[in-house]
Amino acid sequence: MAKTIDLNERALEKEHKAFVRFCDVCGGFCGFLIVFMIAGFIAYGYELIKGIVAGGAIEDIISDAANIVACVGIGISVRFGAAVFGKLTKGGTPFTYDVADKIKGASVPLIVSGGIGFATEIAVVIMTEGFGFAADKFDFFGGLDILVFGLALSALSYIFSYGCKLQQESDETI
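Cut-offs and rules
Residues numbered from 1 in each chain as written. Predicted model: local features only at pLDDT ≥ 70, side-chain atom pairs only at ≥ 80, totals over all residues. Heavy atoms only, no water. Helix = DSSP H or I, 4+ residues; strand = E, 2+ residues; numbered from the N terminus. Buried < 20%, exposed > 50% of the residue type's maximum accessible area, 1.4 Å probe, protein only. Contact = heavy atoms within 4.5 Å. Salt bridge = Lys/Arg side-chain N within 4 Å of Asp/Glu carboxyl O.

K.L.:
Any chance you could explain the side chain of Ser113 here in plain terms?
P.N.:
Within the secondary structure layout, Ser113 lies in helix 3 (residues 97-129). Exposure remark for Ser113: the relative accessible area of 3% places this residue in the buried category. Beyond its immediate sequence surroundings of up to four residues, Ser113 is in contact with Val69, Ala70, Gly73 and Ile146.

K.L.:
Explanation requested: the pattern of salt bridges in the structure shown.
P.N.:
Here the idea is simple: oppositely charged side chains can pair when their charged atoms come close. With the rule as written, the count across this model stands at four salt bridges. Between Lys87 and Asp98 there is a salt bridge, and its shortest N-O distance comes to 3.0 Å. In this pair, Lys87 is assigned in helix 2 (residues 58-90) and Asp98 in helix 3, connecting sequence segments 11 residues apart. Take Lys87: its relative accessible area is 40%, and that puts it in the partly exposed class. By relative accessible area, which is 29% here, Asp98 ends up partly exposed. Linking Asp98 and Lys102 is a salt bridge whose minimum nitrogen-to-oxygen distance equals 3.5 Å. Of this pair, Asp98 and Lys102 both sit in helix 3, separated by four residues, roughly a single helical turn. Taken together, the salt bridges that share partners define one network made up of Lys87, Asp98 and Lys102.

By themselves, these are just geometric observations and shouldn't be taken as functional.
Below, the structure is given as C-alpha cells:
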C-alpha cells in the first residue's frame, strides 16, 4: 500500500514539474509578445504621424489609430497573462482569487480594444462605401476576434472564481 502512495506522489510531482515548465515557456512567450506589441505600437504610431503630416486618407489615419489601440490593449492583456503564468508557476493550485482577478484584468483591455477596433472598422467602411456597402468590402473580423477572445477570457475568469470557491469549501471540509 505504501508503494501505491509513492507512485501517486511521483506521478503528481512529475505532472507538477511539467506544468511549471509549461508555465515558464508561456511566461517567456508573453514577454516576446509584449516586445512585439511595443514594436507594433511604434510602427503604427510612425504610420499615423506620417499620415497626419502628409495629409493621408482619413480612413488610413483612423485605421492606424485603431491598430495602436489594439496593440496597447493586447500588450496590457499579455502583461496580465505573464503575471498569471508567474502565479501558476509558484502556486500549488491554479484556483486562487489572485489568478481569477488577473484573468479578468486581462479580459478588460481586450474587450475595450476589440470593441473600439470593430466600431472603427464599421465606421471606415461606412465612410468609404456608404450605408449600401457590399459585404466583400467589409472585414468582419476587424477587432471582432479580439473582442470575442476578451469575452472568452472574462468567462474563464468567472470559472476560475467559482473554482476558487469550490477549492475553499474543499479545504474547509478537510
